[in-house]
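These are the residues of each chain, in order.
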Amino acid sequence: MATHKLLLLPGDGIGTEVMAEVKRVIGWLESAGLASFAVEEDLVGGAAYDEHGVAISEEAMTRALAADAILLGAVGGPKWANVPYEARPEAGLLRLRKDLQLFANLRPAICYPALADASSLKRELVDGLDMLIVRELTGGVYFGEPKTITDLSDGQKRAVDTQVYESYEIERIARVAFELARTRRNKVVSAEKHNVMKSGVLWKQVVSEVHGAEFSDVALEHQLADSCAMQLVRAPKQFDVLVTDNLFGDILSDVAAMLTGSLGMLPSASLGGVEEISGKRRALYEPVHGAAPDIAGKGLANPIAMIGSLAMALRYSFGLGEAAGRIEAAIAGVLDKGYRTNDIKSEGTTVVGTSGMGDAILAELGAAR
Ligand code: NAD
């Protein structure tokens, strides 16, 4: 059995608490003979600043570059509100994304039947929802130059952001979306604004070209991003994979997130290119939520997003889809049995803390406590 190099970066606040539960699931995977890992652990965010004066040390970066996959908890908190800008906790995460060239952000929106009533939409619209948003993460209007605020002679100011994409950036994100669709229900929706934006014209054209040349077996539909937003809340189950740019992806993935209930339920992945020599894709997996200083240290955090991030790593980095499926089924199982952390509790359910939820998931997986 292959041994996978896994780097754990728990980070700050509830990051360390939810990572503790992931370590137990890793232990179960190994003892059940389902996977073998070489696990390393290091600091990121405020924890790294306290120890090294930077948001991630060079040693941790070297480990990150050598890992097959990275699991990150969360960074940040009021303790580090006044540290120098370059050393703020988020800088550690940004450095990882930049140096590992993680250009594809994957955010699944899965609505567990047991939580369908927690959605802001009607149960029948979201029950069983399982879609994946693929957001371009390193280009577009957040990074395009010029990016300025200029004083004008009449006392007014002018702000400029630049939306810019080159065809290679669109090609590689489109490929990720089509490849993932092949492992799911084989359908991609691509969202842009070709009616009013040149970058949208190029986006649509390049996605169509990649589709025609390499992925004609996958169903492709183009939607305008505004219409797509409407479709997401009107009939979300029509989507399988949704691919879009950095700005639209930021917004549409937050809309999709709320279809499913709590932040504590949402895993994510950020993928880079395939390395020529090893054939491996760089990857970082993390929950969508932050360090939650309001509940940190109290044992209240929901570990499901973090454990779901491990499941994504198993599926997308290690080719262990079956083990990933078992973990996801165990999560669905404990929710069916009525176990809830504080953030997802409702009447008649059994409220448990972080380790209580870990216990329940391990029990569901058939592991001894
Ligand atoms: P947050 O996601 O940390 O918390 C938002 C709310 O959701 C809080 O009320 C929190 O208690 C709740 N929550 C979040 N995760 C939960 C979980 N697993 N279980 C139960 N409840 C949960 O966002 P925020 O409060 O805006 O930010 C707090 C800190 O985290 C800030 O320093 C911010 O910069 C940082 N942050 C980091 C990341 C990251 O590491 N990727 C992402 C977002 C925010």
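Given the structure is predicted, the values throughout are model-derived calculations rather than measurements.

## Here's the deal with the nonpolar core
Stage number 1. In terms of nonpolar packing, the biggest core is built from 69 residues, with Leu106, Val134 and Ile327 touching the most fellow members.
Stage number 2. A domain split of this core shows at least three residues from each of domain 1 (1-107 + 263-369) and domain 2 (130-259).
Stage number 3. Ala116, Ile133, Leu242 and Leu252 belong to the second largest nonpolar core, which has 19 residues in total.

## Structural notes on the sheet that holds strand β11 (residues 267-274)
Stage number 1. With mixed pairing, the 10 strands of this open sheet are ordered in space as β2-β1-β3-β12-β11-β4-β5-β10-β8-β9. In this open sheet, the two strands that pair with only one neighbour each are β2 (36-41) and β9 (219-224). Going from strand to strand, the sheet's axes swing by 25° on average, the running direction of each strand aside.
Stage number 2. Relative to strand β10 (residues 241-244), strand β8 (residues 187-192) runs parallel, the two being bridged by 4 bridges. The residue bridging Ala191 from the neighbouring strand is Thr244, located in β10.
Stage number 3. Packed onto the sheet, helix α3 (residues 58-66) meets β1 (3-11), β2, β3 (69-74) and β12 (281-287) and runs at close to 140° relative to β1.
Stage number 4. On the sheet, helix α8 (residues 225-234) packs against β5 (130-136), β8, β9 and β10 and is oriented at approximately 105° with respect to β9.

## Some thoughts on the domain arrangement of the chain
Stage number 1. According to the domain assignment, the chain contains domain 1 (1-107 + 263-369) and domain 2 (130-259).
Stage number 2. If you average the C-alpha positions of domain 1 and of domain 2, the two centres end up 26 Å apart.
Stage number 3. With 11 residues of domain 1 at the contact, the number on the domain 2 side is 16 residues.
Stage number 4. Summed over both partners, the interface of domain 1 with domain 2 comes to about 1,300 Å²; 62% of that surface belongs to carbon and sulfur atoms.

## Overview of helix α1 (residues 14-31)
Since there are 3.6 residues in each turn of an α-helix, residues three or four apart along the chain are aligned in direction.
Stage number 1. Helix length check: α1 (18 residues) gives 26 Å between terminal C-alpha atoms against 26 Å at 1.5 Å per residue, within 8%.
Stage number 2. Where α1 is concerned, the buried positions are Ile14, Gly15, Glu17, Val18, Met19, Glu21, Val22, Val25, Ile26, Trp28 and Leu29.
Stage number 3. In this structure, the buried residues of α1 make contact with β1, β2, β3, α10 (304-316), α11 (321-336) and α12 (354-364).
Stage number 4. Of the residues trailing α1, Gly33 is marked for its positive phi of about 70°.

## A word on the site of the ligand
Stage number 1. Near the ligand, the surroundings consist of 20 residues, among which Glu90, Gly290, Ala292, Asp294 and Asn302 are the closest.
Stage number 2. Between the ligand and Glu286 there is a distance of 3.5 Å, counted from a nitrogen atom to a side-chain nitrogen or oxygen.
Stage number 3. Here the ligand loses 67% of its free accessible area of 810 Å² to cover by the protein chains.
Stage number 4. Class assignment for the residues of the shell around the ligand results in 10 nonpolar, 6 polar and 4 charged.

Rules behind the numbers
Residues numbered from 1 in each chain as written. Predicted model: local features only at pLDDT ≥ 70, side-chain atom pairs only at ≥ 80, totals over all residues. Heavy atoms only, no water. Core = buried A, V, L, I, M, F, W, Y, C linked by side-chain atoms within 4.5 Å. Buried < 20%, exposed > 50% of the residue type's maximum accessible area, 1.4 Å probe, protein only. Domains from an automatic or database assignment. Pairing = 2+ DSSP bridges. Helix = DSSP H or I, 4+ residues; strand = E, 2+ residues; numbered from the N terminus. Axes fitted to C-alpha atoms, helices over the stretch in contact; angles between N-to-C directions. Contact = heavy atoms within 4.5 Å. Buried area = accessible area lost by both parts, 1.4 Å probe. Expected span 1.5 Å × (residues − 1). Near = heavy atom within 4 Å. Polar contact = N/O pair within 3.5 Å; in protein donor to acceptor, adjacent residues only side chain to side chain. Areas by Shrake-Rupley, 256 points an atom, 1.4 Å probe, with all protein chains shown as cover. Nonpolar A, V, L, I, M, F, W, Y, C, P; charged D, E, K, R; others polar.

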